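Residue-level listing of the chains:
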Amino acid sequence: MAKTILFTGGGSAGHVTPNLALIERLRKEGYTIQYMGSQDGIERDLIEDLRIPYHAIPCGKLRRYFSWKNFTDPFRVVAGVFAARRIVRQIKPDAVFSKGGFVSVPVVIGAHGRAPIVIHESDYTPGLANRVAGRFADTVCVTFEDTLSSVGAKGVFTGTPIRPALYEGDAKRGLNLAAFDGEKPVLLIMGGSLGAKAVNDTVRAALPRLLRAFDVIHLCGRGKVDDAAACAGYRQYEYVTKELPDLFACADVVLSRAGANAVFELLALCKPALLVPLPRSASRGDQLLNAGYFARKGYAMVLEQEQLTPDTLVDALGDLYHRRLSFISTMSHEEKADGTDEVLAVIRKAAEAPCATCRKHTHDPGDCPKQTR
């Protein structure tokens, strides 16, 4: 009987795309995959495109700031827990894997005691959702070795999963897609799936000078394309999926936020990057920690948003391009740039664990009424 793995994670592409790398491999190995996520999050479109059974549940966001929704969302979380528990009883997964995001909390709580639970923390320090989910998980995979001190005995240093498709990009296809002739180096700008207004505005203000040195591909976020900025050598996209490997392949340097998934994809592909982390005023500071780690390791340069101006941006990108070979050399020696195999090993081990009730590794659904694992 094929083992079933229930995946969860959502709210942004960063909580979904690592799952795609794992799902692709596990499906090829014969595992049955199901997914639980929010009713209208980005994860639903990405997963349903793969024709994977998708179970939508209510969920509430965990916030660190005041909002009137803080009074209603706890009820949505509780409703999500009951919905998740009901679905878990139906599909009887052999293991649950959570990539995080607020939708994962009710799933992990609802699955607790009914299947081994593995969660993955991408950032240097655990986010609020994973701090809650970690209490119910059996294993916590971490991207940064330093994070082990924050998660205790459950922690396993794995690195982060990287989508195999990213390695299959073709530079010529990328140049053709952007309608560039390849005579200038290519600057790829990534603001994340939700976009980055501060980065977008500064890039467009600096665009005349940037275009003297680079052809520019700008992934600016849904609804953030500026038709007035269109010009030769500048190509805008709201968001890309299948095209991303080719755009990566043709890029000489990258300007990016410092979300953990993004920076480790850059590391795996050995792409020199200028990181502009989200400031503490707009986040819990995780991107600042991620960026600081990458700067210390010699994998990237950092320009904090408070210092971001058209002048500092142009200067930093010029410096990055001139030093690009040094960054590429340093990144090429990192052994944990791609943690896909390590995370898969943890999931397989969890799925093969014996049932806590009947002590069997496999059984027919009717053999173990409680289905408590």
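Here is what the cut-offs are and how they apply
- Here the residue numbers are simple positions, counted from 1 along each chain's written sequence.
- Totals for whole chains, interfaces and linings use all residues, but because this is a predicted model, local features are given only for residues with pLDDT of at least 70 and pairs of side-chain atoms are given and counted only at 80 or more.
- Side-chain numbers here rest on the full set of heavy atoms in the structure, without hydrogens or water.
- Note on aromatic contacts: the rings of Phe and Tyr and the six-membered ring of Trp form a pair at centre separations within 6.5 Å, being stacked when their planes are under 30 degrees apart, edge-to-face when over 60 apart, and tilted otherwise.
- Starting at the N terminus, helices and strands are each numbered in turn, a helix being any DSSP run of H or I of at least four residues and a strand any DSSP run of E of at least two.
- Any residue under 20% of the maximum accessible area for its type is buried, any over 50% is exposed, and the rest in between are partly exposed; the area is computed with a 1.4 Å probe on protein chains only.
- Lysine and arginine charges are scored as sitting over a ring when NZ or CZ, respectively, is within 6 Å of the ring centre and within 35 degrees of the ring normal.
- Pairs of strands are assigned from DSSP output, requiring at least two bridges between the strands.
- Whether a crossover is right-handed comes down to one check: with the strands pointing away from the viewer, does the path from the first strand over the helix to the second run clockwise; if it does, it is right-handed.
- Every residue pair with non-hydrogen atoms within 4.5 Å of one another is taken to be in contact.
- Axis geometry follows a simple rule: fit a line to the C-alpha atoms, using only the stretch in contact for helices, then measure angles between N-to-C directions, giving values from 0 to 180 degrees.
- To sort the angles, those under 35 degrees are grouped as roughly parallel, those over 145 as roughly antiparallel, those from 65 to 115 as roughly perpendicular, and the leftovers as oblique.
- Crossings are assigned a handedness: left-handed for a near helix turned anticlockwise from the far helix by less than a right angle, right-handed for a clockwise turn.
- Residues are grouped as follows: Ala, Val, Leu, Ile, Met, Phe, Trp, Tyr, Cys and Pro are nonpolar; Asp, Glu, Lys and Arg are charged; all remaining types, including Gly, are polar.

J.: Explain the packing of aromatic side chains here, please?
T.: Here a ring pair, both rings aromatic, is described through the centre-centre distance and the interplanar angle of the planes. Applying the stated criterion across every chain yields a total of ten aromatic pairs. Both rings, one in F214 and one in Y321, keep their centres 5.9 Å apart while their planes meet at 85°; by these two values the pair is edge-to-face. With F214 in the loop between α8 (197–213) and β9 (215–219) and Y321 in helix α12 (residues 310–322), this residue pair connects regions lying 107 residues apart in the sequence. With a relative accessible area of 4%, F214 lands in the buried category. Relative accessible area serves as the criterion here: at 21%, Y321 is assigned to the partly exposed category. Ring geometry for F264 and F294: centres 5.2 Å apart, planes at 85°, overall edge-to-face. Taken as a pair, F264 in helix α10 (residues 260–268) and F294 in helix α11 (residues 286–297) lie far apart in primary sequence, 30 residues in all. Considered together, F264 and F294 belong to a single accessibility category, that of buried residues. Here the basic side chain of R324 rests over the ring of Y321, its NZ or CZ set 3.9 Å away from the ring centre. Here K336 stacks its cationic end above the ring of F157, 3.8 Å away from the centre of that ring.

J.: Help me out: how do you make sense of the pairing of strand β2 (residues 32–38) in this one?
T.: For a regular strand, side chains alternate in direction, first toward one face of the sheet and then toward the other. Extensive coverage of β2 is indicated by the burial of six of its seven residues. Of the pairings in the sheet, the one linking strand β1 (residues 4–8) to β2 comprises five bridges and is parallel in character. Its bridge partner lying in β2, T8 is registered against M36. Where β2 and strand β3 (residues 54–57) come together, four bridges link them in parallel fashion. Within β3, the position partnered with S38 by the bridge is I57. The handedness of the β2 to β3 crossover, carried by helix α2 (residues 42–48), is right-handed.

J.: I'm lost on the sheet that holds strand β10 (residues 234–237) in this one. Help?
T.: Backbone hydrogen bonds hold the strands of a sheet together, and the pairing may be parallel or antiparallel. In spatial order, the strands read β10-β9-β8-β11-β12-β13; together these six strands make up an open sheet with parallel pairing. Looking along the sheet, the strands with just one partner apiece sit at the ends: β10 and β13 (301–302). Pairing of strand β8 (residues 186–190) with β9 involves five bridges; the strand directions are parallel. Across the sheet, V186 pairs through a bridge with D215, a residue of β9. α8 rests against β8, β9, β10 and β11 (253–256) of the sheet, and its axis sits at about 170° to β9.

J.: Teacher, can you tell me more about the environment of Q287 here?
T.: Looking at the secondary structure, you find Q287 in helix α11. For Q287, a relative accessible area of 10% translates into the label buried. Between the C-alpha atoms of Q287 and A258, which are 29 residues apart in sequence, the distance is 5.0 Å.

J.: What exactly am I supposed to notice about the packing of helix α1 (residues 17–28) against helix α14 (residues 340–351) here?
T.: Geometrically, a packed helix pair is captured by the angle between its two axes and the distance between the axes. Two elements in contact, α1 and α14, have axes whose closest approach is 10 Å; the angle formed by their N-to-C orientations is 60°. The angle between α1 and α14 places the two elements in the oblique class. For the crossing formed where α1 meets α14, the hand is right-handed. Here L22, R25 and L26 of α1 lie close against α14, whose contacting residues are T340, D341, V343, L344, I347 and R348. A class-by-class count of the residues in the contact of α1 with α14 yields five nonpolar, one polar and three charged.

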